[in-house]
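Residue-level listing of the chains:
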Amino acid sequence: MKILKYCPNCGKESLNWDGEKKWSCPECGFSLYNNVAGAVAVVIRHEDEIYLTRRNRDPKKGKLDLAGGFVDPKESAEETCKRELFEELQIDIDISNLKYLTSLPNVYQYKEIDYNTIDLFYEYHVPEKFEVSLELSEISEAVWIPLKDLNLEDLAFDSQKKFFEGYLKNI
Ligand SMILES: [Zn+2]
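Residues numbered from 1 in each chain as written. Predicted model: local features only at pLDDT ≥ 70, side-chain atom pairs only at ≥ 80, totals over all residues. Heavy atoms only, no water.

Student: Please explain the pairing of strand E5 (residues 49-54) as it appears in this structure.
Tutor: Taken residue by residue, a regular strand's side chains alternate between the two faces of the sheet. As paired strands, strand E4 (residues 37-46) and E5 are joined by three bridges and run antiparallel to one another. Looking across to E5, one finds that His46 is bridged to Glu49. Between E4 and E5, which follow one another and run antiparallel, lie two residues, and Glu47 among them has a positive phi close to 50 degrees. Both E5 and strand E10 (residues 141-146) contribute to a ladder of six bridges, which runs antiparallel. Looking across to E10, one finds that Arg54 is bridged to Glu141. By the bridge criterion, two bridges tie E5 to strand E6 (residues 64-65) in an arrangement that is antiparallel. Across the sheet, residue Thr53 finds its bridge partner in E6, namely Asp65. (Pairing = 2+ DSSP bridges. Helix = DSSP H or I, 4+ residues; strand = E, 2+ residues; numbered from the N terminus.)

Structural data, given as structure tokens:
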């Protein structure tokens, strides 16, 4: 993780990192918390296939990812699912059909800063397979994969690998 040395309040080279979630400055009393951030991940499922996106940016560029993302301020996790699935895949989901499954911690490294997240996993069944219109999307590719062919090493994030270890046992 990037070492930040200068206090953004008083400017002195006195900033301390507690090794977990807090920067503080003994010179002026400033403190800044890097708290756990909420994020959602949605298993889009049709029968025994799921729809995964391929990341087109770091971290983990090129790896497979569940649709989803960070919860915005003042947003419910279900609203995040609806917003992210529309942004990434242009599908307009019915929130009442989202099924909450479980949560797992993850670390998301972005520009040398580690963000601890709590990833909330949901499942969303679609009545038929669809394909995303990529020119409208922020992703580079999305693929339907039969669950029996899913290789956990192709997944971008540890929380998703751990999630699928459990999920695949129940198919
Ligand atoms: Zn200071």
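Student: Is there a simple way to think about the coordination of the zinc ion in this case?
Tutor: Ideal geometry at a metal gives 109.5 degrees between four tetrahedral donors and either 90 or 180 degrees between six octahedral ones. Around the zinc ion, the protein supplies Cys7 (SG), Cys10 (SG), Cys25 (SG) and Cys28 (SG) as donor atoms, at distances of 2.3 Å. Around the zinc ion, the four donor atoms sit at angles spanning 107 to 116 degrees, and that spread fits a shape best called tetrahedral. Judged by relative accessible area, Cys28 falls into the partly exposed class, the value being 33%. (Donors = N, O, S within 2.8 Å, 3.2 Å for Na, K, Ca; no water. Tetrahedral: all angles 85-135°; square planar, octahedral: opposite > 155°, others 65-115°. Buried < 20%, exposed > 50% of the residue type's maximum accessible area, 1.4 Å probe, protein only.)

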